[in-house]
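Structural overview for review
Residues per chain, in single letters:
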Amino acid sequence: MFFRQSITRRQTLHLGLAALAGMGACAQKQSGKLVDQDNQAQLSTSFTIEGESSLKERAAAKGLIYGAAGSYSALSSNPEFAAKFAQECAMLVPENSLKWLTLRPSREQFNFNQGDWLAQFADRHDMLFRGHTLVWNQSLPQWFQNNVNKGNAESLMREHLQVVMKHYAGKVHSWDVVNEAIFPQHGRADGLRLTPWLQTLGPNYIDLAFEIAAEMDPQAMLVYNDTRMAHDTPENESRRTNVLKLLERLKSRGVPVHALGLQAHLWGWGKVPFLEPKRMRAFLHEVAQLELKILVTELDVADNQLPADPQIRDRLVAGAYEDYLSVVLDEPAVIAVLTWGLSDQYTWRSKWPRGDGNPVRPLPLDAQMNRKLAWNAIARAFDHTRAR
Ligand code: XIL
């Protein structure tokens, strides 16, 4: 009954195959007729996997990297979580420790304590280490906001990249050099977000950031990272168009950008549909044609609007993971998948709580560190993709 009331025909059309299959398998238990005849064929899909090997092993078998964002506080205080992290992940990205707010209490001081601890943790467990993030409109300390101006913005940027990138030089697989520069809602023809960097240095602040970054750590892969490109909405479409234009412009000027990061903070099925696979593949292909690699950098699935029953919710979340990854991994330029966290115990998604007060479940492991269907879905996507 519950399902009939809460899932409309229109909404089921927005579900991808795996989500439908997952929902169907579960829904059938509750009500034999919920998923209509058209979808019966898909009900045989389940999130079954072969073997017990970890996500990093399954990814590596296909020449891919699997990793996750981890916070200093979680990894340094919870040994069980840290052990799971090391077991599943081949790459660690500090969730907040390499952002300005953590690194720079003042212009003169740099605080590398958390970042260094995480870099050592990664090293101890043979994980790659990713840098996130150097030039962004968020996480800027008050002292920066009070002082930045046209006269000092370039030197502030240069000084930051010089000190931070040189500190970690040789240890970083890839740096998110510029994060979230596109924001079509701000109304500029080039789609750029109005940020202190844009307002002081103009649109070339992006070129400048990559040029300085290449100088400071010539070994690191330099990534342009942005959000909201997975769904079939006018806003997401405009981002895809503007991101592509930006990357084309950078490449045509010889700016050293090496990869696009797709954040992929996905909405669960109830909110908005995914971009249809053909169009998503075409978008990724266009990026790849620019001789750029692609990383899925911050994958998670919002479940705050999904039904309360955790079993149903987990199936829908898993379906979203599988639908998204099975399409994105078709593009050979995709080299890595990182989830934004590993366990539901530590997720930024809890900032958007569910109306019913139940904890959110957006990640591969539950809050007790058990593998969920989302884990299976990611494992299956790795198992089914072609080797790089
Ligand atoms: C988020 C962290 O997860 C939170 O803990 C923090 O309070 C805010 O930032 N896009 C990004 C990430 O590039 O840095 C953000 O991380 C999530 C959205």
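Located above this text is the structure these notes cover.
Residues numbered from 1 in each chain as written. Predicted model: local features only at pLDDT ≥ 70, side-chain atom pairs only at ≥ 80, totals over all residues. Heavy atoms only, no water.

Section: the site of the ligand
- Surveying the vicinity of the ligand reveals 13 residues, the closest of which are Glu-95, Lys-99, His-132, Glu-298 and Lys-351.
- Within the side chain of Asn-96, an N or O atom sits 2.9 Å from an oxygen atom of the ligand.
- Glu-298 places a polar side-chain atom, nitrogen or oxygen, 2.9 Å from an oxygen atom of the ligand.
- Here the ligand, which alone exposes 410 Å², has 82% of that area covered by the protein.
- Taken atom by atom, the bulk of the ligand overlaps the largest pocket.
- Its residues assigned to classes, the shell around the ligand comprises three nonpolar, five polar and five charged. (Near = heavy atom within 4 Å. Polar contact = N/O pair within 3.5 Å; in protein donor to acceptor, adjacent residues only side chain to side chain. Areas by Shrake-Rupley, 256 points an atom, 1.4 Å probe, with all protein chains shown as cover. 1 Å grid on protein atoms, 1.4 Å probe; cavity = no way out; pocket = protein on both sides within 12 Å on 5 of 7 lines; lining within 4 Å. Sits in = over half its atoms within 2 Å of the grid points. Nonpolar A, V, L, I, M, F, W, Y, C, P; charged D, E, K, R; others polar.)

Some remarks on unusual backbone geometry
- In the segment running from His-132 into Thr-133, the intervening peptide bond is cis, with an omega of -5 degrees.
- Structurally, the position occupied by Thr-133 is in strand 3 (residues 128-135).
- Residues other than glycine seldom take positive phi values, yet Ser-139 does so here, at roughly 60 degrees.
- Residue placement: Ser-139 occurs in the loop between strand 3 and helix 9 (142-147).
- Phi is positive for Glu-180, which is not a glycine, with a value near 55 degrees.
- Here Glu-180 shows up in the loop between strand 4 (174-179) and helix 11 (196-201). (Helix = DSSP H or I, 4+ residues; strand = E, 2+ residues; numbered from the N terminus.)

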